Amino acid sequence: MYASCVGKRFQLEYCWVILRKEPKWQFERASQHQRSSKKQKGHVNASPASSTPSTPDSVSLGEDSEPLIYQDRPIGQKAAKERLKRRQGKDKVGDVAVTNLLQQFRDTLVEIEDQKKQNRKIMLEQQAMMIQQSQEKQELDRIEKEEQIMKMDISNLDPISAAYFQNRKLEIMQKRGFNF
């Protein structure tokens, strides 16, 4: 077919072997075959036996032994964009639904943020209670150590240790409000 149209042999046959089964080329070949069969039927001398029967599902061409299965040609980028634009124009009702979904999503986010704030507040309160308990425990430990110092017998200690613990006892007593 190429040689009859152009006048020389087709040079890229290895490409044709790869691409001939792609949907785009099947569509082209099927439509060319249908055009050629219509031309044959239009002749006065053409007999019905000479034209090859074709169905919309498959087309058999003489040069290939296997029939080509007619498939819809893949949609192009421009056509896809145009279809999307038309669909967006028709989906005004869908816009309301999307707006409602977005509002519900925003409301859910606000609820989640409020819950996070409450959780943070509770966590801070718990930390404050833990700090207070720790401080109370430290105060009790300090008082217990002071009591041990106050009860300590310093008569058996060396003079330097005895002087140290005597001063500590005086400091503790001044803290508690005992004046001498």
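Residues numbered from 1 in each chain as written. Predicted model: local features only at pLDDT ≥ 70, side-chain atom pairs only at ≥ 80, totals over all residues. Heavy atoms only, no water.

J.: Before we move on, could you go through the overall build of the protein chain and cite the residues and values that matter?
T.: Counting its secondary structure elements, the protein chain contains six helices and two strands. Taken from N to C terminus, the helices and strands of the protein chain fall in the order α-α-α-β-β-α-α-α. Looking at the protein chain as a whole, 10% of its 180 residues qualify as buried. Restricting the contact set of the protein chain to residue pairs at least 6 apart, pairs at least 24 apart contribute 42%. If you sum the accessible surface of the protein chain, you get close to 15900 Å²; carbon and sulfur atoms cover 56% of it. (Helix = DSSP H or I, 4+ residues; strand = E, 2+ residues; numbered from the N terminus. Buried < 20%, exposed > 50% of the residue type's maximum accessible area, 1.4 Å probe, protein only. Contact = heavy atoms within 4.5 Å. Areas by Shrake-Rupley, 256 points an atom, 1.4 Å probe, with all protein chains shown as cover.)

J.: Give me the lowdown on the nonpolar core, citing residues and values where you can.
T.: Looking at soluble globular proteins, one finds that nonpolar side chains tend to be buried together. Counting five residues, the largest nonpolar core consists of I149, I154, A162, F165 and I172. By residue number, the principal contributor to this core is helix 6 (residues 159–175), which donates three residues. Every residue in contact with F165, bar those within four places of it in the chain, is listed here: I149, M152, I154 and L157. (Core = buried A, V, L, I, M, F, W, Y, C linked by side-chain atoms within 4.5 Å.)

J.: Which residues make up helix 6, and what values do they have?
T.: Its 17 residues give helix 6 an end-to-end C-alpha distance of 24 Å, which sits within 8% of 24 Å, the value for a rise of 1.5 Å per residue. Within the span of helix 6, buried status applies to A162, F165, K169 and I172. Across the axial projection of helix 6, the buried residues extend over an arc of 85°, all falling on one side. Summarising the geometry of helix 6, the exposed residues directed more than 90 degrees from the buried face are P159, I160, Q174 and K175. Where helix 6 ends, the next residue or the one after it, G177, has phi of about 100°, a positive value. (Expected span 1.5 Å × (residues − 1). Arc of directions from axis to C-beta.)

J.: Summarise the packing of aromatic side chains; cite the residues concerned and give the values.
T.: In this structure the tally under the stated criterion is two aromatic pairs. Where Y2 meets F10, the ring centres are 5.0 Å apart and the plane angle is 70°; that geometry is what we call edge-to-face. Since its relative accessible area comes to 33%, F10 is described here as partly exposed. A centroid spacing of 5.2 Å and a plane angle of 75° characterise the contact between Y164 and F165, whose relative ring orientation is edge-to-face. (Phe/Tyr/Trp six-rings, centres within 6.5 Å; stacked < 30°, edge-to-face > 60°.)

J.: Could you give an account of the side chain of E146, with specific residues and numbers?
T.: Relative to the helices and strands, E146 is located in helix 5 (residues 92–151). With relative accessibility at 5%, the residue E146 sits in the buried group. Within polar-contact distance, the side chain of E146 engages the side chain of R142 at 2.5 Å. A polar atom in the side chain of E146 sits 3.4 Å from the side chain of K175. The contacts of E146, once residues within four sequence positions are left out, are I172, K175 and R176. (Polar contact = N/O pair within 3.5 Å; in protein donor to acceptor, adjacent residues only side chain to side chain.)

J.: Which residues make up the environment of Q11, and what values do they have?
T.: On the secondary structure map, Q11 appears in the loop between helix 1 (2–6) and helix 2 (13–19). For Q11, a relative accessible area of 58% corresponds to the exposed category. A polar atom in the side chain of Q11 sits 3.2 Å from the backbone oxygen of R9.

J.: Which residues make up the environment of P74, and what values go with them?
T.: Relative to the assigned elements, P74 resides in the loop between strand 2 (68–69) and helix 4 (77–90). Each C-alpha atom, one on P74 and one on P23, is 7.2 Å from the other, the two residues being 51 residues apart in sequence. Apart from residues lying up to four places away in sequence, P74 is in contact with P23 and K24.

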